[in-house]
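Structural characterization, general
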Amino acid sequence: MTLHKVRYEVDPYNRLIIGETGRKSRVQRFRKVLDGKFKIGPKNSLIYHVKAPDRQGPDAPHQVKLRGDWSLTKEHNLKLTLDNWHRQTLGDELTLQGEIAHVEAHTLLFAVTTRSKDSVSTNILKLDGSWQANKHNQLTFRVKKEAAKYDTLTLEGVWELDKKHNLIYCYKKRRGKGKSTLTFRGRWDIKGPYALSYSLSDDSGFELRADMGRLNRDSIKYEVGVGFKPVKRTVVLYGKWTVKRETGAITFGLKHGLGKGPEMDLTLSNDIWGADGQAFLKLLKSEKEAAITAGIGRRW
């Protein structure tokens, strides 16, 4: 019995197309569009559940399990590049048209709308993993796989901050009517002279490379480059400075943009900026906070 490789595609309506080719000749034997829907399986694999397989032909499977490497297209669609597993063809690419619906510390939710002759349905694909920033300060999601392996989804656009200091990412599809906005809810911190951190959890978040920091009477200001050809983004964290005289540390109470109380605190040691930090600490100690008009800035 000759074993044939199976080739998979996805049509514009997010339906799976299955075709059988000869192992050597690769002559097309059959090609069939199957009605069904995609779901995420164990270890972030992809499963296609076939709707009423008995009505779609004698050879229609009940479900198809697919494995490969996840990535994100420039249009922010989800792509799976298949590996050489069982009967699937190495290198086939399945691109699911849809929207990133929601993000959390360890999940990315992707909405996929599937259309058939008699129905339209939308389901959510839930990928598990964690968030990081790459060396270009772009936001990336590490899709967890078996052992210590992972795939990387990269949000290649430029992020912003909203009025509550939340990190947000907006994108627009070329054929879309509006923008999609993703909001990351985390906690800002300063890890060192080169690291501005935004933590979503203990093991998920973004450590950003800051080129310039400036301390002012009611804010900390950073210049951050994002992307391969860096686009400059200014990160300004507004709040109120307080000196802990017993420990010699500076506390910055971060406020959101609605004029309410502190949302979170950043505690800075007096040597985090070296001599500049010590000078700023002395300035805070020697002057009333209301009278301080500027801090000390330096290029990292």
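Quick notes on the rules
Residues numbered from 1 in each chain as written. Predicted model: local features only at pLDDT ≥ 70, side-chain atom pairs only at ≥ 80, totals over all residues. Heavy atoms only, no water. Helix = DSSP H or I, 4+ residues; strand = E, 2+ residues; numbered from the N terminus. Buried < 20%, exposed > 50% of the residue type's maximum accessible area, 1.4 Å probe, protein only. Phe/Tyr/Trp six-rings, centres within 6.5 Å; stacked < 30°, edge-to-face > 60°. Polar contact = N/O pair within 3.5 Å; in protein donor to acceptor, adjacent residues only side chain to side chain. Contact = heavy atoms within 4.5 Å. Core = buried A, V, L, I, M, F, W, Y, C linked by side-chain atoms within 4.5 Å. Pairing = 2+ DSSP bridges. Axes fitted to C-alpha atoms, helices over the stretch in contact; angles between N-to-C directions. Salt bridge = Lys/Arg side-chain N within 4 Å of Asp/Glu carboxyl O.

Here the focus is the environment of K240. Here K240 lies in strand 23 (residues 231-244). For K240, a relative accessible area of 48% translates into the label partly exposed. The spatial distance from the C-alpha of K240 to the C-alpha of N216 is 9.8 Å, given a sequence separation of 24 residues.

Right, let's get into the packing of aromatic side chains. With the rule as written, the count across this model stands at seven aromatic pairs. With a centroid separation of 6.2 Å and 65° between ring planes, the pair formed by W131 and F206 is classed as edge-to-face. With a gap of 75 residues between them, W131 in strand 12 (residues 120-133) and F206 in strand 20 (residues 204-209) connect regions that are remote in the sequence. Each member of the pair W131 and F206 is classed as buried.

Time to look at the side chain of S116. Structurally, the position occupied by S116 is in the loop between strand 11 (107-115) and strand 12. Among the polar contacts made by the side chain of S116, one reaches the side chain of D118 at a distance of 3.1 Å. Only 2.9 Å separates the side chain of S116 from the side chain of S119, close enough to count as a polar contact. The residues touching S116, leaving out its near neighbours within four places in the chain, are R15 and D35.

Let us now look at the nonpolar core. Counting 59 residues, the largest nonpolar core has F184 and F206 as its most contacted members. Discounting chain neighbours no more than four positions away, the residues touching F184 are V103, W131, L139, L155, N166, L167, Y169, Y198, L200 and F206.

Turning next to unusual backbone geometry. Look at A52: it is not a glycine, yet its phi comes out positive at around 45°. Looking at the element boundaries, A52 is found in the loop between strand 5 (46-50) and strand 6 (63-66). Within the chain, H165 stands out as a residue other than glycine whose phi angle is a positive 70°. Tracing the backbone through its elements, the reader meets H165 in the loop between strand 15 (159-161) and strand 16 (167-171). We classify H165 as buried; its relative accessible area is 5%.

The topology assignment puts N44 in the loop between strand 4 (36-40) and strand 5. You can call N44 buried: its relative accessible area is 7%.

This part is about the sheet that holds strand 4. One open sheet accounts for three strands, arranged 4-5-6; its pairing is antiparallel. Strands at the two margins of the open sheet, each flanked by one partner only, are strand 4 and strand 6. The sheet shows a mean angle of 20° between the axes of neighbouring strands, direction not considered. With five bridges connecting them, strand 4 and strand 5 associate as antiparallel partners. Of the residues in strand 5, the one forming a bridge with K39 is I47.

Here we come to the environment of F206. For F206, a relative accessible area of 1% puts it in the buried group. Residues F206 and Q138, 68 residues apart in the sequence, show an inter-C-alpha distance of 9.0 Å. Each residue touching F206, except ones within four places of it in the same chain, is listed here: W131, Q132, A133, L139, T140, L167, F184, L196, S197, Y198 and L200.

This brings us to the pattern of salt bridges. Close approach of charged atoms allows side chains with opposite charge to pair. For the structure on display, the rule yields nine salt bridges. Put simply, R15 and D35 hold a salt bridge, and the shortest N to O gap is 3.3 Å. Within this pair, whereas R15 is found in the loop between strand 1 (5-10) and strand 2 (16-21), its partner D35 is found in the loop between strand 3 (28-34) and strand 4, the two being separated by 20 residues in sequence. K79 is the partner of E93 in a salt bridge, and the nearest nitrogen-oxygen pair spans 3.9 Å. Taken together, the residues E93 in strand 9 (residues 93-96) and K79 in strand 8 (residues 78-82) connect sequence positions 14 residues apart. Here E93 falls in the partly exposed class, since its relative accessible area comes to 46%.

Where strand 12 lies against strand 13 (residues 139-144), five bridges are found, and the strand directions are antiparallel. Bridging across to strand 13, A133 finds its partner in L139. Count of turn residues in the strand 12/strand 13 antiparallel hairpin: five residues, of which N137 carries a positive phi of about 60°. Pairing between strand 13 and strand 14 (residues 150-155): six bridges, direction antiparallel. Directly across from R142, in strand 14, lies its bridge partner T152.

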